[in-house]
Amino acid sequence: MSLINDLVQGVVDGVLKDILKKPSSTSKRTRRRKRTTSSNSATLRQIEKLLRPAKKQTSRKRTVRSRSKARRST
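What counts and how
- Residues numbered from 1 in each chain as written.
- Predicted model: local features only at pLDDT ≥ 70, side-chain atom pairs only at ≥ 80, totals over all residues.
- Heavy atoms only, no water.
- Helix = DSSP H or I, 4+ residues; strand = E, 2+ residues; numbered from the N terminus.
- Buried < 20%, exposed > 50% of the residue type's maximum accessible area, 1.4 Å probe, protein only.
- Areas by Shrake-Rupley, 256 points an atom, 1.4 Å probe, with all protein chains shown as cover.
- pLDDT = per-residue confidence, 0-100.
- Patch = residues over 30% accessible without salt bridge, like charges linked within 9 Å, V, L, I, M, F, W, Y side chains within 5 Å.
- Salt bridge = Lys/Arg side-chain N within 4 Å of Asp/Glu carboxyl O.

1. Here we look at the overall build of the chain
- The helix and strand tally for the chain stands at 3 helices and 0 strands.
- Starting at the N terminus and ending at the C terminus, the chain contains elements arranged as α-α-α.
- For the chain, buried positions account for 0% of its 74 residues.
- In the structure as shown, the chain presents an accessible area of about 8700 Å², 55% of it carried by carbon and sulfur atoms.

And the structure:
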């Protein structure tokens, strides 16, 4: 019986040492650097954005609250 106890104790000790040995920050993700765009392409993109026609506003369906407000005010 002491042979089994020694075997189990050895396995448990080994596992505990392995767990305690590992650094706690393994799950942290490394930060990625943002790519810096060259100023030439950035200014070009801004100019293209200004030249683009504005998007038309889409009509929105009236909500129940706004309908009841309109009904109360009249």
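2. Points about the confidence of the model for the chain
- In this model, the chain carries a mean pLDDT of 77, and residues with pLDDT of at least 70 account for 77%.
- Least confident of the elements in the chain is helix H3 (residues 64-73), whose mean pLDDT is 70; most confident is helix H2 (residues 39-51), at 86.

3. Some remarks on a nonpolar patch on the surface
- Taken together, Ile4, Val8, Val12, Leu16 and Leu20 make up a surface patch of nonpolar side chains, about 500 Å² in accessible area.
- If you trace the backbone, Val8 turns up in helix H1 (residues 2-21).

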